[in-house]
Amino acid sequence: MRIVTWNINSLRLRLPLLERMVTELSPDVICLQETKVPDELFPEAAPGALGYPFHFRRGMKGYNGVAILSRVPMRRDETAPDWCLKDDRRHIAAVLETPTGPVTLHDFYVPAGGDIPDPAANPKYAHKLAFVDEAADYFAANPPARSILVGDLNIAPLEHDVWSHKQLRDVVSHTEPEIERMTRWLGNGFTDAMRHFVPPAEKLYTWWSYRNRDWRASNRGRRLDHVWVTPDLVPALRGLHIHQEARDWTGPSDHVPVAIDLAL
DNA sequence: ATGGTGGGCAACCCA
């Protein structure tokens, strides 16, 4: 089974790119972030037309929004709280009915956190830290099993998850308070499935800013998108593919699709 | 130190 996570940065604008991604990667399940479409305006026919008879979405006007498209039957899991009581559509969960049994899938879009890495001066950074604390607490109180957590977590925790550890030390996405919190979250029941395949000493990116004249030449990337699995699913891990070429598609997202293969 | 480029959606918000 192949699961793709992708911050698509507007689902409606990039429907043709979603179709291209499906053609090239043929995922069984697609987790999207930043769909930027209210549920009532969701392109209703698109999932079925692309071969995904099952889908759930949680969107809102203008910002955020997540969706799961699936070839595999699934049911909603609505047990998680309304993170930070904001109703801001940053998480959706489902239980996939796989051939080996049910697997819980979480799709997260963690707040980006603004520019200033000081919670007193920057409410968006404070929100980000609080969000990650709350997620860590939730999984501590509700230990996950046979679970996969994916999404744009907007934190690059390891030295080689960014192009320059030194230069990004105080840049939101790579600050110590974020990394501490994310490490605690991960530790509450998950393992880093991407680093299962790529050693920590190797550079690994999923995002390249729009603000570079040549993203490939400068290669100032960060690993903001993640795939975590519970230890009971580690033996099922089969492969990882970062679809880097998607960054060169016409009208690209600044994030590229990340595919994980599991024997389920 | 600064600004660079995107999307949403109608003035700036957000990334």
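Use the structure listed above.
Within each chain, residue numbers correspond to sequence positions counted from 1 in written order. Whichever chain is written first is A, and whichever ligand is written first is 1; the rest continue in order. Owing to the predicted nature of the model, reporting of local features is limited to residues with pLDDT of at least 70; listing and counting of side-chain atom pairs is limited to 80 or more, with chain, interface and lining totals taken over all residues. Water and hydrogen atoms play no part in the side-chain values, which are based on all heavy atoms of the structure.

Asks: How do you make sense of the pairing of strand 7 (residues 101-109) when you look at a structure like this?
Replies: Exposure is judged per residue with a 1.4 Å probe applied to protein chains only, and the accessible area is read against the type maximum: over 50% gives exposed, under 20% gives buried, and values in between give partly exposed. Put simply, DSSP marks the helices as runs of H or I at least four residues long and the strands as runs of E at least two long, and each gets a number from the N terminus on. Across the nine residues that make up strand 7, a large majority, eight, are buried. Pairing between strands requires that DSSP locate at least two bridges from one strand to the other. Inspection of the sheet shows strand 6 (residues 91-98) paired to strand 7 by eight bridges, in the antiparallel sense. Note that in strand 7 the partner of Thr 98 across the bridge is Gly 101. Between the antiparallel neighbours strand 6 and strand 7 lie two residues. As paired elements, strand 7 and strand 8 (residues 147-152) share six bridges and run parallel to each other.

Asks: What is the right way to read the protein's contact with DNA strand B from this model?
Replies: Taken together, the neighbourhood of DNA strand B is formed by 14 residues, with Ser 10, Leu 13, Arg 14, Tyr 210 and Arg 211 sitting nearest. Any residue with at least one heavy atom within 4 Å of a molecule or strand is counted as near it. Backbone atoms, meaning sugar and phosphate, form 66% of the atoms of DNA strand B found within 4 Å of the protein. Residue Arg 211 places a side-chain N or O atom 2.5 Å away from a base nitrogen belonging to DNA strand B. As a working rule, the residues Ala, Val, Leu, Ile, Met, Phe, Trp, Tyr, Cys and Pro are called nonpolar, Asp, Glu, Lys and Arg charged, and the rest polar, with Gly in that last group. Tallied by class, the residues present in the surface near DNA strand B amount to five nonpolar, three polar and six charged. Counting of polar contacts relies on pairs of N or O atoms within 3.5 Å, with two restrictions inside protein: one atom must be capable of donating a hydrogen and the other of accepting it, and residues adjacent in sequence are counted only when both atoms are side-chain atoms.

Asks: What should I look at first to understand empty space enclosed by the protein in this one?
Replies: It is the rolling of a water-molecule-sized probe over the atoms that shows where space remains empty. Whether a set of points on the 1 Å grid over the protein atoms alone is a cavity depends on a 1.4 Å probe fitting there but being unable to get out, while an open set qualifies as a pocket with protein on both sides within 12 Å along at least five of seven lines; lining residues are those with an atom within 4 Å of a point. Grid points are joined across faces, edges and corners, and a volume is the space filled by probe spheres set on the points. Going through the model one piece at a time under the given rule, you end up with one cavity of 30 Å³ or more. Taken as a whole, the largest cavity holds about 50 Å³ of empty space. Taken together, Arg 58, Pro 81, Asp 82, Trp 83, Asp 87, Asp 88, Arg 89, Arg 90 and His 91 form the lining of the largest cavity. Of the residues contributing to the lining of the largest cavity, the split by class is two nonpolar, one polar and six charged.

Asks: So what exactly am I meant to see when it comes to the environment of His 106 here?
Replies: Following the sequence through the fold, His 106 ends up in strand 7. With 122 residues separating them along the chain, His 106 and Trp 228 place their C-alpha atoms 9.6 Å apart. Each residue touching His 106, except ones within four places of it in the same chain, is listed here: His 91, Ile 92, Ala 93, Phe 139, Ile 148, Leu 149 and Val 150. Here a residue-residue contact requires only that any non-hydrogen atoms of the pair lie within 4.5 Å.

It is worth stressing that arrangement in space is one thing and function is another; only the former is reported here.
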